[in-house]
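# Residue-level structural notes
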Amino acid sequence: LSTLQMAGQSKIFLEFLSRGVFEVDQVDYDFTDVIVAVVAAALLFAIVATSLSILRSHNKAPLPAQIEIYRRVLRESNLKPQSCDKGPGRAIQAGQLLDFLSHFQTFVRDRSMYYIVSNILEPLTAPEKLSFAELAGPGMLDWFVSHYWGHAFCDFCSSIQKHAQVAPGPEGWHHQ
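First, a word on scope: everything that follows refers to the structure included in this document. Note that this is a predicted model, so its numbers are computed, not measured. (Residues numbered from 1 in each chain as written. Predicted model: local features only at pLDDT ≥ 70, side-chain atom pairs only at ≥ 80, totals over all residues. Heavy atoms only, no water.)

### A closer look at the overall build of the chain
Operational definition: Secondary structure follows DSSP: runs of H or I at least 4 residues long count as helices, runs of E at least 2 residues long count as strands, and numbering of each begins at the N terminus. Think of it in three bands: with a 1.4 Å probe and only protein chains considered, a residue is buried below 20% of the maximum accessible area for its type, exposed above 50%, and partly exposed in between. Should any heavy atoms of two residues lie within 4.5 Å, those residues are counted as being in contact. Shrake-Rupley sampling with a 1.4 Å probe provides the accessible areas, and residues are treated as covered by the protein chains on show and by no other component.
What the chain contains, in helices and strands, is seven helices and two strands. Counting across all 176 residues of the chain, residues that qualify as buried make up 24%. Taking all contacts inside the chain whose residues are at least 6 apart in sequence as the whole, residues at least 24 apart take part in 72%. On the chain, roughly 12400 Å² of surface is accessible, and the fraction owed to carbon and sulfur atoms is 61%.

### Re the packing of helix H3 (residues 62–77) against helix H4 (residues 94–108)
Condition: Convention adopted: a line fitted to C-alpha atoms gives each axis, helices being fitted over their contacting stretch, and angles between N-to-C directions are expressed from 0 to 180 degrees. Angle categories are assigned with fixed cut-offs, so that under 35 degrees is roughly parallel, over 145 is roughly antiparallel, 65 to 115 is roughly perpendicular, and the rest are oblique. Less than a right angle of anticlockwise turn of the near helix away from the far helix marks a crossing as left-handed, whereas a clockwise turn marks it as right-handed.
The contact between H3 and H4 brings their axes to 10 Å, and the two run at 155 degrees. Here H3 lies roughly antiparallel to H4, going by the angle between them. Along this stretch, H3 crosses H4, giving a crossing that reads as right-handed. Note on element contacts: H4 touches H3 through Gln-96, Asp-99, Phe-100, His-103, Phe-104 and Phe-107, opposite Pro-62, Leu-63, Gln-66, Ile-67, Ile-69 and Tyr-70.

### Description of the environment of Met-113
On the secondary structure map, Met-113 appears in helix H5 (residues 113–125). Note: C-alpha distance between Met-113 and Cys-154 (41 residues apart in sequence) is 9.5 Å. Excluding residues that lie within four positions of it along the chain, Met-113 makes contacts with Leu-121, His-147, Trp-149, His-151 and Phe-153.

### Section: the packing of aromatic side chains
Basically, it comes down to this: The aromatic pairing rule takes the rings of Phe, Tyr and Trp, using the six-membered ring of Trp, and pairs them if the centres are within 6.5 Å, calling planes under 30 degrees apart stacked, those over 60 edge-to-face and the rest tilted. As a reminder, the over-ring test applies to NZ of lysine and CZ of arginine, requiring each to be within 6 Å of the ring centre and within 35 degrees of the ring normal.
Taken as a whole, this structure holds seven aromatic pairs when the rule is applied. Between the aromatic rings of Tyr-70 and Phe-104, the centroid separation amounts to 5.2 Å while the plane-to-plane angle is 70 degrees, which identifies the pairing as edge-to-face. Pair noted here: Tyr-70 is in helix H3 and Phe-104 is in helix H4, with a separation of 34 residues, a long-range link. On the basis of relative accessible area, Phe-104 is assigned to the buried category, the value being 0%. Put simply, the rings of Tyr-70, Phe-100, Phe-104, Phe-132, Phe-153 and Phe-156 pair up and form one aromatic cluster. In this arrangement the basic side chain of Arg-111 is found over the ring face of Tyr-115, its NZ or CZ atom lying 4.1 Å from the centre.

### A short note on the pattern of salt bridges
How we decide: In the sections that follow, a salt bridge refers to a side-chain nitrogen of Lys or Arg positioned within 4 Å of a carboxyl oxygen of Asp or Glu.
If you walk through the whole model with that rule in mind, you get four salt bridges. Of the charged contacts, one joins Glu-128 and Arg-71 as a salt bridge, the two residues approaching to 3.8 Å between their closest N and O atoms. Residue Glu-128 is located in the loop between H5 and helix H6 (132–136), and its partner Arg-71 is located in helix H3; the two are separated by 57 residues in the primary sequence. A residue is classified by how much of its surface remains accessible, and Glu-128, at 25% relative accessible area, is partly exposed. On the basis of relative accessibility, which here comes to 8%, the residue Arg-71 falls in the buried class. With a closest N to O distance of 3.0 Å, Arg-75 and Glu-128 form a salt bridge. Taken together, the positions of Arg-75 in helix H3 and Glu-128 in the loop between H5 and H6 put the pair 53 residues apart, joining distant regions of the chain. Salt bridges linked by common partners bring Glu-68, Arg-71, Arg-75 and Glu-128 together as one network.

Below, the structure is given as structure tokens:
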């Protein structure tokens with residue numbers, strides 16, 4: 001704004017304050033009308049802001065919401081998760097691994113175990129202070145698999161699935 005325009009606006013504002021009447025394009029606004037309009041706008045803003053805040057608090061972000069859903073799925077299949085000794089009795093089946101991948105595929109994509117552990121497994125297991133195997137229902141080890149955490153998790157799962165299909169256990173590959 002130029003100095004002249006600013007001076008003109010200051011004059012209008014001062015006139016508004018002194019007389020309580022503001023003229024714009026030959027429309028008179030009484031001071032009371034302006035105050036009512038400002039209060040109504042502030043009230044509307046407060047209502048909208050509160051509504052948005054309430055909506056945000058009820059809707060978790062997609063990943064935390066999916067973690068909560070999966071925690072409930074695990075509770076249905078393992079009613080009383082409990083800790084167990086580390087070792088061959090603390091293993092998961094190929095099917096449990098693939099179910100995990102299927103549930104979180106949207107978030108996993110081509111990410112590595114580093115992402116899986118910090119963003120999914122730790123938040124999933126932290127409330128119960130148990131390992132994933134203990135939450136999912138541990139079983140006895142048939143095959144021990146070591147893997148590099150830097151590879152894509154979905155590639156690792158694909159390798160496990162192919163191995164389980166080639167060397168199925170007595171209950172079928174999904175239960176190995």
